[in-house]
Every structure is written in C-alpha cells, then in structure tokens.
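Observations on the model geometry
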Amino acid sequence: MKNWTSYAEYWEHYFLYRWFALNPNVFDSDNSRATSEDFDLIVGYRRELSRLPEKNALKFIDGFLKRRDITGDLKKIRCPTLLFVGDNTELQRESEHAMGHMNSDRVEWLRIRECGLLITEQQPGALLEPIKLFCNGIGYF
C-alpha cells in the first residue's frame, strides 16, 4: 500500500500552480513569504486543500494528466464561443492552440490581466463587460 501522505506537499503545490500559476516555493507552509495580492484567496484554497483526502486529490491529478486531446473536435463547434485565459497562467499557449483549431469567425479570445487559472475568483469584474457584450451578440473586439 502506498503512503499517500508523502504526496501531500506535491499535490498541494500542483493545485496552487495550476490554479494561480504560482511557483510552489513562493509560499512557506505558514504563508510567511506570501507576496501575492491574492493572499486571502490562496490561504483559503490552501485551507480547503488540506481537508482533501490525499488519495482522492492524486486520483484527480492523474485523471487530469491522462485526459484525451479534443483538438480535432474543436472545428465541430458551431456556436459562438468566448475563450478566457489568465495572463499569469501556463495555459495561454494551450488556449491559443485551441483557438487556432476553431472556426475563427465564431470564436473570440480574451486574456485577463493579473490572474492565473481562476479568473472568476481573481478578476471577476474583468469578466462582466465582455460577457454582457458577447451575450448581446455585439462581441468584445
């Protein structure tokens, strides 16, 4: 049987990196070196992550890493699509790649400044106007 608790630090850093695009070494375990504007949000996420069973968190990560490539299916999307990506996330390149495989007259791409993967948590106000315009069929650009 595996010692799942030995992975606790790994999966906590993995989630923080994926969600906030943070280097795992930015924060000590007591958050004493936190310099982010998102300090309260990150502390809250760390608290919630500490409550997750490690075995379940590792299964989630494993499923995420083994997900299939849907690039070929993106051309099939016929409805207008609005893609958001955080300025400080590792997923910028992937979102640009996805957009390149979509019908260019049906997709709009918007990069939100000063946030990572959790745009709705880190910059909720930055989403309001683009979504309103998009839903009204006006577009953002």
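Whatever comes next refers back to the structure up there.
Note that the coordinates shown come from a computational prediction; the quantities given were computed from them, not determined experimentally. (Residues numbered from 1 in each chain as written. Predicted model: local features only at pLDDT ≥ 70, side-chain atom pairs only at ≥ 80, totals over all residues. Heavy atoms only, no water.)

Some points on the pattern of salt bridges
Tallied over the entire structure, the rule returns 5 salt bridges. Lysine 66 serves as the salt-bridge partner of aspartate 62, at 3.3 Å between the closest nitrogen and oxygen. Lysine 66 sits in the exposed class, given a relative accessible area of 62%. (Salt bridge = Lys/Arg side-chain N within 4 Å of Asp/Glu carboxyl O. Buried < 20%, exposed > 50% of the residue type's maximum accessible area, 1.4 Å probe, protein only.)

Topic: helix α4 (residues 92-100)
Listing the buried residues of α4 in full gives Gln92, Ser95 and Ala98. Down the axis, α4 shows its buried residues gathered within 125° of arc, on one side only. Among the exposed residues of α4, those oriented more than 90 degrees off its buried face are Arg93 and Gly100. (Helix = DSSP H or I, 4+ residues; strand = E, 2+ residues; numbered from the N terminus. Arc of directions from axis to C-beta.)

Brief notes about the pairing of strand β2 (residues 107-112)
Every other side chain in a regular strand lies on the same face of the sheet, so the side chains alternate between the two faces. Among the 6 residues that make up β2, 5 are buried, leaving the element largely enclosed by the rest of the structure. With α4 bridging strand β1 (residues 81-86) and the parallel β2, this β-α-β connection has right-handed handedness. (Right-handed = clockwise from strand over helix to strand, strands pointing away.)

Regarding the side chain of threonine 71
Mapped onto the elements, threonine 71 comes out in the loop between α3 (54-65) and β1. At a separation of 2.5 Å, a polar atom in the side chain of threonine 71 contacts the side chain of aspartate 69. (Polar contact = N/O pair within 3.5 Å; in protein donor to acceptor, adjacent residues only side chain to side chain.)

Observations regarding the pairing of β1
Counting buried positions along β1 yields 5 of 6 residues, so the element is predominantly enclosed. Two elements, β1 and β2, share 6 bridges in a ladder whose sense is parallel. Its bridge partner lying in β2, phenylalanine 84 is registered against leucine 110. (Pairing = 2+ DSSP bridges.)

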